[in-house]
Structure formats: structure tokens, C-alpha cells
Amino acid sequence: MFLPKTHNTPKSPVRRKFDMGGDTKAEMLQKVKPQYTMLKAGDAAVFDMRILHAGLANQLEGGANRYLMAVTFRNTNAKESLGHKPNLRPGYAGQFTLG
């Protein structure tokens, strides 16, 4: 599930309402129209991770394991905060490039 127009940028009033928390956050969540993806086994979703997103309940009877592979890319010249802690194991830092 993705919440459109919630990219974490200064120009996103929708995201600012979410980040303020409390009643403002609840109001925003009531107004925004979520977009759902219907992924099948082997499908991939490619999106800007700054958009508010969430996984939904597993629809298989009895549930099943869901495996996730997250790949992120960042311009080496970018200096602004990511807004989250990196999840790369320290031993791999600086070891690989796309070039």
C-alpha cells in the first residue's frame, strides 16, 4: 500500500501533516487515498522509499513466509540526510559500485 503525495520533501504539505503526529496525522490518514499493489509471487515493486508505504496482511489461508529484498541507490554526491539509518553491514560499505 502506498500513500500518494507523501514524499518527504519540504514541498509536501501532506507529508508535513503526517510528521506532525497527533490529530493532524490522523486527519491526513483519513483524507489520503491509498494505492494498492497486487503483487504476485516473483513480482517486484520499484518506488521512491520516501513515500509512506506499508505491507498488508498475507491473504493466503494460514499465512506464508514473505521474503523481502530491498535495494537502494544513492547518488554519491548527495549529502542530505536519508531520514533513516542505513542498513548496510559495515564490512560492505564502499566495496561496491554500479560503475
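The preceding data block contains the structure.
Computed from a predicted model, the values in this text were never measured in an experiment.

Caption draft 1: Here's a closer look at the environment of Asn87. Checked against the element boundaries, Asn87 lands in the segment after helix 2 (22–31). Remark: the alpha-carbon pair of Asn87 and Met49, spanning 38 residues in sequence, is separated by 13 Å.

Caption draft 2: The packing of helix 1 (residues 13–20) against helix 2, seen in detail. At a minimum axis distance of 6 Å, the contact between helix 1 and helix 2 shows a crossing angle of 135°. Looking at the two axes, helix 1 sits oblique to helix 2. With respect to the hand of their crossing, helix 1 and helix 2 are arranged in left-handed fashion. Packed against helix 1, whose contacting residues are Val14, Lys17, Phe18 and Met20, the element helix 2 presents Gly22, Thr24, Lys25, Glu27, Met28 and Leu29 at the interface. Split into classes, the residues belonging to the contact of helix 1 with helix 2 amount to five nonpolar, two polar and three charged.

Caption draft 3: Highlighting the side chain of Thr6. Relative to the assigned elements, Thr6 resides in the segment before helix 1. Judged by relative accessible area, Thr6 falls into the buried class, the value being 0%. A distance of 2.5 Å separates a polar atom in the side chain of Thr6 from the backbone oxygen of Leu3. From its side chain, Thr6 meets the backbone nitrogen of Leu52 in a polar contact 2.9 Å long. Other than its neighbours up to four places away in sequence, Thr6 contacts Ser12, Val14, Arg15, Met28, Arg50, Ile51 and Leu52.

Each value, and the rule that gives it
- Residues numbered from 1 in each chain as written.
- Predicted model: local features only at pLDDT ≥ 70, side-chain atom pairs only at ≥ 80, totals over all residues.
- Heavy atoms only, no water.
- Helix = DSSP H or I, 4+ residues; strand = E, 2+ residues; numbered from the N terminus.
- Axes fitted to C-alpha atoms, helices over the stretch in contact; angles between N-to-C directions.
- Parallel < 35°, antiparallel > 145°, perpendicular 65-115°, else oblique.
- Left-handed = near helix turned anticlockwise from the far one by under 90°.
- Contact = heavy atoms within 4.5 Å.
- Nonpolar A, V, L, I, M, F, W, Y, C, P; charged D, E, K, R; others polar.
- Buried < 20%, exposed > 50% of the residue type's maximum accessible area, 1.4 Å probe, protein only.
- Polar contact = N/O pair within 3.5 Å; in protein donor to acceptor, adjacent residues only side chain to side chain.

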